[in-house]
Amino acid sequence: MSDNDSLRVVPGWTGRFYEDFAVGDIYYHPMARTLTDADNQWFTLMTQNTSKTHLDANFALQTEYGRPLMNSTLTLALVTGQSTIDLSFNVFANLGWDEVRCPVPVFAGDTIYSRSTVISLRPSGSRPQIGIVTVATEGYNQDGVVVLGFRRAFMVYRRGEGPAQSVRAPMKRRF
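Quantities reported herein were computed from a predicted structural model and do not represent experimental measurements.

Participant: Please explain the environment of L87 as it appears in this structure.
Facilitator: Residue placement: L87 occurs in the loop between α4 (72-84) and β3 (91-101). Owing to a relative accessible area of 0%, L87 belongs among the buried residues under this scheme. Counting along the chain gives 66 residues from L87 to F21, while the straight-line C-alpha distance between them is 8.7 Å. Setting aside anything within four residues of it in sequence, one finds L87 in contact with F21, Y27, H29, S116, V135, R152, F154 and V156.

Okay, here's the thing in structure tokens:
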């Protein structure tokens, strides 16, 4: 193909804006992640969590579960991250996480999936370019068992009100 050939530039995903959400919408987030012992060790040490339940396999062997538990804040961070592509790609700021629950433990080897339901929408009272979205999110494992649940509120830009979404491209195609 030469530089003279007609090419179609297809824009990438630019995320949802406030106007794209409706109460009751359910999003099954597309990315899943299988957690490993290394993930658990790395995250636990990075966050200076000193719980032996996460770091000491010999200690964990003596507990009810007989093996290390995944750090619950790792699971919270993972599930929040999984939801970003659908919910907060155009976020202005997170407002908070409420009612965080961890009903069953997560272990190395578990694959975590997630889904979110929009539970409320409202315009921002102080920022007209922003809307506030509240969702209920659940993380669940490979067996369909919910391992984490929370509510999250975030501020998202209204269409045409956020920072410009531009991608720098090379001046000339080489291939």
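Participant: Just checking my understanding: could you explain α4 for this structure?
Facilitator: Each full turn of the α-helix corresponds to 3.6 residues, which orients residues three or four apart in the same direction. Taking 1.5 Å of rise per residue, 13 residues should cover 18 Å, and α4 covers 19 Å from first to last C-alpha, within 8% of that figure. Within α4, burial applies to L74, T75, L76, L78, V79, T80, Q82 and S83. Of the surrounding elements, those touching the buried residues of α4 are β2 (33-34), α1 (37-46), β3, β4 (111-123), β5 (130-140) and β6 (146-157).

Participant: Is there a simple way to think about the pattern of salt bridges in this case?
Facilitator: Any two side chains of opposite charge can pair, so long as their charged atoms come close to each other. For the coordinates displayed, the defined rule picks out six salt bridges. Residue R16 is joined to D86 by a salt bridge in which the shortest nitrogen-to-oxygen separation is 3.5 Å. Of this pair, R16 sits in the segment before β1 (26-28) while D86 sits in the loop between α4 and β3, and the two are 70 residues apart along the sequence. Just as R16 is buried, D86 falls in that class too. Note that R159 is salt-bridged to D20, the shortest N-O span being 2.4 Å. Residue R159 is located in the segment after β6, and its partner D20 is located in the segment before β1; the two are separated by 139 residues in the primary sequence. Under the relative-accessibility criterion, R159 is labelled partly exposed at 47%.

Participant: Explanation requested: the side chain of H29 in the structure shown.
Facilitator: Turning to its location among the elements, H29 is positioned in the loop between β1 and β2. Using a relative accessible area of 6% as the deciding quantity, one classes H29 as buried. At a separation of 2.7 Å, a polar atom in the side chain of H29 contacts the side chain of S116. If sequence neighbours within four positions are ignored, H29 has contacts with Q82, S83, D86, L87, S114, R115 and S116.

So, how was this worked out
Residue positions within a chain follow its written sequence, with the count starting from 1. pLDDT decides what is reported in this predicted model: residues at 70 or higher carry local features, side-chain atom pairs at 80 or more are listed and counted, and totals for whole chains, interfaces and linings draw on all residues regardless. Each side-chain value is derived from all of the structure's non-hydrogen atoms; neither hydrogens nor water enter the calculation. Working definition: helices are DSSP H or I runs of at least four residues, strands are E runs of at least two. Numbering for both runs from the N terminus. The rule is simple: take the accessible area with a 1.4 Å probe, protein chains only, and divide by the maximum for that residue type; under 20% is buried, over 50% is exposed, in between is partly exposed. Throughout, a residue-residue contact means that at least one pair of heavy atoms, one from each residue, lies within 4.5 Å. Helices are assigned an expected span. That span is 1.5 Å times one less than the residue count. By convention in these notes, a salt bridge is any Lys or Arg side-chain nitrogen within 4 Å of a carboxyl oxygen on Asp or Glu. Think of a polar contact as two N or O atoms within 3.5 Å of one another; within protein, one of them needs to be a possible hydrogen donor and the other a possible acceptor, and neighboring residues in sequence only count if both atoms come from side chains.

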